Structures are given as C-alpha cells and as structure tokens.
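Coordinate inspection notes
Read off the chains here:
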Amino acid sequence: MKVLVTGGAGFIGSFIVEEVMNIGWEPIVVDDLSTGNLSFVPKSVPFYNIDIRSDTLEQVFRMHNPEVVIHQAAQVSVEFSTQQPLTDCEINTLGTLNILKLCAKYKVSKLVYASSAAVYGSAKEMPLKEEHRILPISFYGQSKYSAEQYIHLFHQLYGLPYTILRYSNVYGMRQNMLGEAGVVSIFINQAIRNTGVTVYGDGSQTRDFIFVKDVAKANIQAVAFGGSGAFNISTNQPISLNKLLAILQESIHQPLDITYTDSRAGDIKDSSLSFDKAREFLQWEPRTSFEIGLKETVAYYQNQVPK
Ligand SMILES: NC(=O)c1ccc[n+]([C@@H]2O[C@H](COP(=O)([O-])OP(=O)(O)OC[C@H]3O[C@@H](n4cnc5c(N)ncnc54)[C@H](O)[C@@H]3O)[C@@H](O)[C@H]2O)c1
C-alpha cells in the first residue's frame, strides 16, 4: 500500500516512515526541509522537496496515487505563530486545505492528520477528553484546529475518511530543539553539554510526555481504523519538570546545575490528556514508560556529541 507522509523528514514523521516500512507498506515523503532533515529519510524512500502549499504537490499525487496520506508537515512553533500568524495559517491551514483538495481529487481512502492538544487551550477539567471545549489560546492552536474543521467538511462534502490525532507533548530522538514541545531535548542537550539547565518557574508544572515511537504506532493504527474522528494520543501521566530533571540526572549519572527563573507569560501550569477513546477505537495505548523513553533519547543525544 502506498502511503504519502508529509513532513516525513521531521521528528515524528521520520518515525512514522520507519513504521510504515516495518509493516511492509510503501512510504513516499514530501517535505520542504524547513525544519526536517533529509538524513532522517531512508535512501530507498521516494523523497520530494516540495512545499505543501504549492501546486507542484499535485505531481506527487498524479505519479504515485497514494491510498493513504499521513499529514505531519506543519509550522510547529507556538512562538513563531505569535510573531507571524499569517504564515502560520498559510502553512497549517491553507497547506492542509491544498492536501485535502488533492486527497478528494485522487480518491485517497484515508487521511491521518497530526493535530495537537493546543486546540483545547486552557484545561477546564483534567484529564482532557476529546469532547472538552475547544478554545485555542495561540495562533498555532487555532491554525491546527481550523485545519481539523476543513478535514471534517471534506468528509461531509466528499466522503473523505479521516482520523485526527491530537498529540500531547511528544519527545524522543531527532527532535528539533525549536519544536513545539522541545523541553525534553533542550534539557538533555543542556545536561550532556554541561551548560547548566534553565527552568522557567519552580519546576512543579506538569506535562503529558509521549514517546515518539508510540506516536508513530498510533498513526499506523489510525490507518486501519474504519471510522472518522478525533483522538488524543497521550499517556495521561502528568510528569513535573522537576521529576523529568531527577530522572535525567539518574540517566546521565551526574548532578545537574539547575537555575530556576521567572515563569513565562502564557505557559500553562498542568496538562494531561485521556487516551481512553484511542484505546477503545484504535486499539492503541502508550507502551513506553517515561523512564525507558528518556533513557533511549539520552543515549541518542549522547551519540550526537562529538567525542
Ligand atoms: N512535537 C510535538 O510535541 C507535537 C505536539 C502536537 C502536535 N504536533 C504536530 O506533529 C507534526 C509533526 O511535528 P514535529 O514535532 O515532528 O515537527 P518537525 O518540525 O520535526 O516536523 C515538521 C516537518 O514538516 C516539514 N514542513 C514544515 N513546513 C512545511 C511545508 N510548508 N511544506 C512541506 N513540509 C513542511 C518540516 O521540514 C519538518 O520536516 C506537526 O503537524 C505538529 O503540529 C507535534
């Protein structure tokens, strides 16, 4: 089965490409390499350096006729979206619309879309469930949610089957430190380079950290799922930044030089998301404990440091 992975040279997308190959499907990657890295894409995989907003994208659909599209390509920085909301919207919303148009025209049998917990905004109750009020508090959250709404309309108007996956904070190997939830990779890099670790706030704030390989598996499960809908992809295990640092300290076997500074405006205090719906309908649940995932991630970054 031919599977087009947009953003397949990125952090999460490159692990999805690996999973797609593992089960014997044929990945095709489109990525403009704005934050992605060509070395993350296996040489045997057809690769197209194309912007998802461009008309050229149609050539890939015409040439390969993919049955499934797994859409990961996006502008992923909340901060960038605050500085440049128009560009954020062009990539995340209009870029997705361009893909949707082609999915309908070329009769794609399933679209899987990478959305974000950012669509919910501030949590009214936790753990967050999919029916929680949607009220983004960033342009990034809004552009991801606008794309969700277009997807839903393409389903209603053209019968395009879809699965929307709302990821919590993804961590793991190959993460770009500028990414949406790069705190784990930022801390690891600061720790192994011995530059001192800076924490905004008192470190008691919690996040729902999900390992990248578990997220890649969720995308595969979503392809097989027959219906259409939105699912949280998360662990429902809030981990405080102080706990993260304690586990990190153990993994690298040396004490960290930690500086606490003022918390940043707009940072949320706590976050956890229920994955009950994904467990029931996608037969998916997170398999990797934070300790194990962090260990694998630390080993990866240690190998990147020149000896
Ligand atoms: N990392 C997280 O914690 C997290 C959380 C929630 C949702 N997400 C979503 O997951 C997806 C993957 O994010 P990631 O963390 O792997 O980030 P990433 O930056 O590593 O991956 C995004 C990829 O898209 C490519 N890209 C960006 N703009 C493009 C364009 N206009 N045309 C073609 N390619 C383009 C980049 O080069 C990159 O390879 C995104 O849709 C993001 O919104 C990520």
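Bear in mind the structure is a predicted one, so any value in this text is a computation, not a measurement.

Conventions and cut-offs
- Residues numbered from 1 in each chain as written.
- Predicted model: local features only at pLDDT ≥ 70, side-chain atom pairs only at ≥ 80, totals over all residues.
- Heavy atoms only, no water.
- Core = buried A, V, L, I, M, F, W, Y, C linked by side-chain atoms within 4.5 Å.
- Buried < 20%, exposed > 50% of the residue type's maximum accessible area, 1.4 Å probe, protein only.
- Helix = DSSP H or I, 4+ residues; strand = E, 2+ residues; numbered from the N terminus.
- Domains from an automatic or database assignment.
- Contact = heavy atoms within 4.5 Å.
- Near = heavy atom within 4 Å.
- Polar contact = N/O pair within 3.5 Å; in protein donor to acceptor, adjacent residues only side chain to side chain.
- Areas by Shrake-Rupley, 256 points an atom, 1.4 Å probe, with all protein chains shown as cover.
- 1 Å grid on protein atoms, 1.4 Å probe; cavity = no way out; pocket = protein on both sides within 12 Å on 5 of 7 lines; lining within 4 Å.
- Sits in = over half its atoms within 2 Å of the grid points.
- Nonpolar A, V, L, I, M, F, W, Y, C, P; charged D, E, K, R; others polar.

1. Details of the nonpolar core
- If you look at the biggest cluster of nonpolar residues, it comprises 57 residues, and the most contacted ones within it are Ile-70, Leu-165, Tyr-167, Ile-233, Leu-248 and Phe-290.
- When residues in this core are grouped by element, the largest group, seven residues, is from helix H7 (residues 212-224).
- A domain split of this core shows at least three residues from each of domain 1 (2-170 + 209-235 + 276-281) and domain 2 (173-207 + 238-271 + 288-304).
- Setting aside chain neighbours within four positions, we find Ile-233 in contact with Leu-165, Arg-166, Tyr-167, Ser-168, Ile-210, Val-215, Ala-218, Ala-278, Leu-282 and Trp-284.
- Membership of the second largest hydrophobic core comes to 27 residues, among which are Ile-50, Ala-73, Leu-100 and Tyr-162.

2. A few points about the site of the ligand
- In the neighbourhood of the ligand, 31 residues make up the surrounding shell, with Asp-31, Thr-35, Gln-72, Tyr-140 and Lys-144 lying closest.
- Separating an oxygen atom of the ligand from a backbone N or O atom of Gly-36 is a distance of 2.9 Å.
- When the ligand is considered free in solution it has 830 Å² of accessible area, and contact with the protein chains removes 98% of it.
- More than half of the atoms of the ligand fall within 2 Å of the grid points belonging to the second largest pocket.
- Mapped by element, the contributors of at least two residues to the shell around the ligand are helix H1 (11-22), strand S5 (110-116), helix H5 (139-158) and strand S7 (169-171).
- A per-element tally of the shell around the ligand places S5 first, with three residues.
- Broken down by class, the residue content of the shell around the ligand amounts to 15 nonpolar, 11 polar and five charged.
- When residues of the shell around the ligand are sorted by domain, at least three fall in each of domain 1 (2-170 + 209-235 + 276-281) and domain 2 (173-207 + 238-271 + 288-304).

Structural measurements only, silent on function.
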